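# Structure at a glance
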Amino acid sequence: MGGSTGVEQRHVKKGNSMVQLGLVGLGKMGFNMRERLRAAGHEVVGYDRNEAVSDSSSLADMVSKLQAPRTVWVMVPAGTPTRETIAELGELLSEGDLVIDGGNSKFTDDKHNSEVLAAKKIGYLDCGVSGGVWGKENGYGLMVGGAAEDVERAMPIFDTLRPDGPREEGFSHAGSVGAGHYAKMIHNGIEYGVMQAFAEGFELLEASKVVTDVPAVIKGWQRGTVVRSWLLELLVRALDEDPDLDDLEGYVEDSGEGRWTLEEAINNAVPAPVISAALFARFTSRQKDSAAMRAVAALRNQFGGHAVKKVGQ
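Note that the coordinates shown come from a computational prediction; the quantities given were computed from them, not determined experimentally. (Residues numbered from 1 in each chain as written. Predicted model: local features only at pLDDT ≥ 70, side-chain atom pairs only at ≥ 80, totals over all residues. Heavy atoms only, no water.)

### A word on the overall build of the protein
Looking only at helices and strands, the protein features 14 helices and 7 strands. The globule rule puts the C-alpha radius of gyration for 313 residues at 20 Å, and the 21 Å found for the protein is close to it. Dimensions along the principal axes, computed over C-alpha positions, put the protein at roughly 65 × 45 × 40 Å. Counting over 313 residues, the protein shows a buried share of 50%. Here the analysis covers contacts within the protein between residues at least 6 apart in sequence; of these, 70% occur between residues at least 24 apart. Surface summary for the protein: the accessible area is close to 14,900 Å², and the carbon and sulfur share equals 53%. (Helix = DSSP H or I, 4+ residues; strand = E, 2+ residues; numbered from the N terminus. Rg over C-alpha atoms; globule rule 2.2 N^0.38 Å. Buried < 20%, exposed > 50% of the residue type's maximum accessible area, 1.4 Å probe, protein only. Contact = heavy atoms within 4.5 Å. Areas by Shrake-Rupley, 256 points an atom, 1.4 Å probe, with all protein chains shown as cover.)

Spelled out as structure tokens, the structure:
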């Protein structure tokens, strides 16, 4: 990991102005996002229930440290925690302020959240965020929903969080409120299918009586092949650490986006056999251990720091 000066040189985009941001939720991703933003020169006032990482004693204390018009990014678990946090912010913030939900909320929650804030004349953006625990250094893929003027206002933040390179390759204004989380939902559905394909390929190679060095084969796919990707690199990394993935159980949770993607596939009569099969494979993983599911567990741990079950636990 480079020092702050090196990080700043990589993260500041040309013409990017420094802003102040309140950040609620300093877990795996929120903490790293705060560090990336600070390294680029932005002022971030964070709040988390964990006093060891928090800059504020409460949401009210965080808001009191921000200058109007305020921008607050919410990075807490989806569902009730996010809804309650946004409702509380609605009571603390003022007309002209802006709230961004960067968690994995279901897109249908965004209409409710935006209406709660609109009653107070507070703006709302939903932002799907991809990048996992590697985002601090590599940047985060961002998919945003909401009004164009609110997106433009928050662009210095988005430009710092996204990867270096052309904005359109790491950031998208997907549409109106809800579009950002919808886009992230579909992104994660695709992710399910890609991981499952790699996992099944790994199991086939491992079962083969012809191939004698499975990690070498997978590592050899990283350059020149049509399946080369960041997920493949992460599988290689996992195999370097544990060549047979024997230290893991093939138990894989799902965080909701795959189910929501299939709900939308049904609602829109869109066939999604790959994504549905990948989701059902995760259900299977909770009943019976398999090499494929060990590979999926390893991949989720590599890119997102998701919890895994070690053998014997």
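### Here we look at the nonpolar core
Judged by nonpolar contacts, the single largest core of 27 residues is most densely connected at Phe202, Ile218, Leu231, Leu235 and Leu245. Where this core is concerned, the elements lending two or more residues are helix H9 (179-207), helix H10 (214-219), helix H11 (230-241) and helix H14 (291-304). Take this core: its biggest share by element is 9 residues, from H14. (Core = buried A, V, L, I, M, F, W, Y, C linked by side-chain atoms within 4.5 Å.)

### Overview of the confidence of the model for the protein
Averaged over every residue, the pLDDT of the protein is 91; the share at 70 or more is 93%. Low confidence marks residues 1-12, where pLDDT is under 50. Its contacts with residues over four positions away, or in another chain, come to 17 contacts. (pLDDT = per-residue confidence, 0-100.)

### Notes on the sheet that holds strand S3 (residues 71-74)
Across the sheet, which stays open at both edges, the 7 strands sit in the order S2-S1-S3-S4-S5-S6-S7 with mixed pairing between neighbours. Both edges of this open sheet fall to strand S2 (43-47) and strand S7 (171-175), since each of them pairs with a single strand only. Geometrically, the sheet is characterised by an average inter-axis angle of 25 degrees between neighbouring strands, direction not taken into account. Relative to S3, strand S1 (residues 20-24) runs parallel, the two being bridged by 3 bridges. Bridged to Leu23 within S3 is Trp73. Packed onto the sheet, helix H5 (residues 107-118) meets strand S4 (98-101) and strand S5 (123-130) and runs at close to 145 degrees relative to S5. (Pairing = 2+ DSSP bridges. Axes fitted to C-alpha atoms, helices over the stretch in contact; angles between N-to-C directions.)

### A word on a nonpolar patch on the surface
On the surface, Ile186, Ile190 and Val194 cluster together into a nonpolar patch covering about 210 Å² of accessible area. Relative to the assigned elements, Ile190 resides in helix H9. (Patch = residues over 30% accessible without salt bridge, like charges linked within 9 Å, V, L, I, M, F, W, Y side chains within 5 Å. Salt bridge = Lys/Arg side-chain N within 4 Å of Asp/Glu carboxyl O.)

### What to know about the packing of H11 against H14
Between H11 and H14, the shortest axis-to-axis distance is 9 Å and the interhelical angle comes to 105 degrees. Considering the angle they form, H11 stands roughly perpendicular to H14. On the side of H11, the interface is formed by Trp230, Leu231, Leu234, Leu235, Arg237, Ala238 and Glu241, while H14 contributes Ala295, Ala298, Leu299, Gln302 and Phe303. (Parallel < 35°, antiparallel > 145°, perpendicular 65-115°, else oblique.)

### Looking at the packing of H9 against helix H13 (residues 273-285)
Running from amino to carboxyl end, H9 crosses H13 at an angle of 70 degrees, the nearest separation of the two axes being 8 Å. By the criterion of interaxial angle, the relationship of H9 to H13 is roughly perpendicular. Of the residues in H13, those in contact with Gly189, Ile190, Tyr192, Gly193, Met195 and Gln196 of H9 are Val274, Ile275, Ala278, Leu279, Ala281 and Arg282. Residue classes in the contact of H9 with H13 are distributed as 8 nonpolar, 3 polar and 1 charged. (Nonpolar A, V, L, I, M, F, W, Y, C, P; charged D, E, K, R; others polar.)

### Quick notes on the layout of surface pockets
Computed from the structure, the second largest pocket encloses a volume of approximately 150 Å³. Those elements that place two or more of their residues in the lining of the second largest pocket are S1 and helix H8 (155-161). Taken together, the residues of the lining of the second largest pocket break down into 7 nonpolar, 3 polar and 2 charged. (1 Å grid on protein atoms, 1.4 Å probe; cavity = no way out; pocket = protein on both sides within 12 Å on 5 of 7 lines; lining within 4 Å. Points joined across faces, edges and corners; volume = space filled by probe spheres on them.)

### Considering the packing of aromatic side chains
Counting across every chain of the model gives 4 aromatic pairs. On the numbers, 6.0 Å between centres and 70 degrees between planes, the contact of Trp73 with Phe158 is edge-to-face. Placement of the pair is Trp73 in strand S3 and Phe158 in helix H8, with a sequence separation of 85 residues. Across the pair, exposure class does not vary: Trp73 and Phe158 are buried alike. One residue, Arg282, lies across the ring of Tyr192, its end atom 3.7 Å from the ring centre. (Phe/Tyr/Trp six-rings, centres within 6.5 Å; stacked < 30°, edge-to-face > 60°. Lys NZ or Arg CZ within 6 Å of the ring centre and 35° of its normal.)

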